[in-house]
Each structure stands twice: as structure tokens, then as C-alpha cells.
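A closer look at the structure
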Amino acid sequence: MTTILKIGGSVLTDKNKVSAARPDVIARIAKEIGEIDSGKLVLIHGAGSFGHHQAKDYKLTDGLNDWSIKGIWPTHSAVTSLNRMVVDALQMSGVDAIPVNPLSSCTLSGGRIEHMCLDVIELMLQDDITPVLHGDVVMDRDRGVDILSGDQIVPYLARELKVDRVGIGTNVDGVLDRDGKLIRKLTPGNMGEVDKILSGSGGVDVTGGMHGKIHELMPLAKVGIPSLVFNAEKPGNVMKFLKNDLQEGTFIRGD
Ligand code: IP8
């Protein structure tokens, strides 16, 4: 069984501050991952306060120019420092986790992934190593540079690696409606309606929050890879998801 688990930057960091990690949360989630033998695992994390502020300040989503070129390093440097904390915590919890940085292993075209060096990820998985990817600033064939969200990496890798399940750990209980009520199931049938009521996430987010997430996950569900958006801030939920035992959250399915 191969699993992709994405943990949102809003869980691992304080998104309203610049480069502020939540070390206790990172350690707890790493411990939950270390406690379960869930087969092959690809971990992807968001940037949170390590990247979104920098990407916004340097207008990296506007493409490459004299100003944004100066933002590539501060943005990459911020998100890789979060990645290092995550990998360190996983290693401390007994997980053989190794970073895979998108800036050095991926190209975009028009903001979408054009190429990713999959061989390294496949070889790691073969050897039971957990690759840890993250949202990053990435070179783009058309725009020069752009921001690649972890939310886009999820469906790309899910398809390429033919994974069995996808979990999206966020700081809310799942996809919520206008009244804050949890939407238990998202299908092509109710997607249009849900689309209208979704607003962006809190804090600074250059990649679209929950709205961006479900737009990446629904096409995946339609080709038979379902996902579960759940609250990773609730202790035990990551472990339950990995045990295939989590009933809380929004299930995104193709039917
Ligand atoms: O938090 C964004 O990744 P995300 C990456 O997964 C940067 O959307 C550098 C802002």
C-alpha cells in the first residue's frame, strides 16, 4: 500500500507570523507517523509562514522579473528550513525520512508541473525511505518562476506513483460550508455548489487555501483515487488516518 499524506503549513506553522514554526505540533505528528507501519509513505508539507510571506513580498506568482528574482532564495531558504525541521522530527521518531526539494527536482510550465524527477522518489520508496516534499518556488518554462503548492504535488504524485490513498491534514475539520458545518462527502454532484461557498484560508496564502485544494483533489477522485481532508491538529488523527481508521473529515470521491 502506498500513501500520500500532506500536512498543511497552517498546521505546522503560525501562518499569521513570518517563519514561525510549531515545534510541538511537528514533533507530535512525526511521532504519530513513526508509530504506524503504514506501508510506503510519501509526505508532503505546505510552507505556511515559511514561504507564503516571502512569495507575496517578492511577487513570485507574477513570474520572473528584476524584483522577483531576488525572492527565489529567501523563499526557498525559508521553506527548506521548515522541511529540515520536519525531516529532523521524523528521524527522531524513527522514520527514515529524506528531503526532496521541488526547486532542484521539478520544472513547471504555465504554473503546472511539467516534469518531476520521479526516479529518486521511486527508488526511495522501493527502499522504504519516506521522501518528504514541500511547496516551493520552482523554475517555470513560460513564466520564468512560479510557486508550486504542495496541493499540486499531491495529485501529480498520486497519479504517477499510482498510490492507494491520499490524506490531507489541515487545521480545520475538513471542507466546511458557509455556516462552518462539515461537508462529509464531496462528489462531482455537489462540487459546483461547494465551489461557490468556499473562501480562501486565513492568513497569507498565495496558493488558494481550501478552494485550491479541492480543485486539485476532485480530478484525482474522478480517476479513482479518493482522498480524505481531515483535522491534523487533533492529536491521534494522523495515526488513525494511517491505520485506515479515521471516520472524521471530508471524503472526496468520484461517485
Ligand atoms: O503551502 C506554497 O506551498 P503550499 C509554497 O503547499 C510557497 O501551498 C513557497 C509559498
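Right, let's walk through the structure included here. (Residues numbered from 1 in each chain as written. Predicted model: local features only at pLDDT ≥ 70, side-chain atom pairs only at ≥ 80, totals over all residues. Heavy atoms only, no water.)

1. What about the overall build of the protein chain?
Of the regular secondary structure elements, the protein chain holds 10 helices and 12 strands. At 17 Å, the protein chain has a C-alpha radius of gyration in line with the 18 Å of a compact globule built from 255 residues. Once the C-alpha set of the protein chain is aligned to its principal axes, its extents read approximately 50 × 45 × 35 Å. Split into buried and exposed, the 255 residues of the protein chain put 54% on the buried side. (Helix = DSSP H or I, 4+ residues; strand = E, 2+ residues; numbered from the N terminus. Rg over C-alpha atoms; globule rule 2.2 N^0.38 Å. Buried < 20%, exposed > 50% of the residue type's maximum accessible area, 1.4 Å probe, protein only.)

2. Digging into the pairing of strand β8 (residues 144-148)
Successive side chains on a regular strand alternate, one facing one side of the sheet and the next facing the other. Across the five residues of β8, five count as buried, placing the element largely inside the fold. The pairing of strand β7 (residues 136-140) with β8 spans five bridges and is antiparallel. Each bridged residue has a counterpart across the sheet, and for V138 the counterpart in β8 is D146. Following β7, the chain reverses through three residues before pairing antiparallel with β8. (Pairing = 2+ DSSP bridges.)

3. Remarks on the sheet that holds strand β9 (residues 165-170)
With mixed pairing, the eight strands of this open sheet are ordered in space as β3-β6-β2-β1-β9-β11-β12-β10. Each edge of the open sheet is held by one strand with a lone partner, namely β3 (97-99) and β10 (185-186). As paired strands, strand β11 (residues 227-231) and strand β12 (residues 250-252) are joined by three bridges and run antiparallel to one another. Opposite S227, over in β12, you have I252 as the bridge partner. Sheet contacts for helix α9 (residues 209-222): β1 (2-7), β9, β10, β11 and β12; angle to β9, the most-contacted strand, approximately 170 degrees. (Contact = heavy atoms within 4.5 Å. Axes fitted to C-alpha atoms, helices over the stretch in contact; angles between N-to-C directions.)

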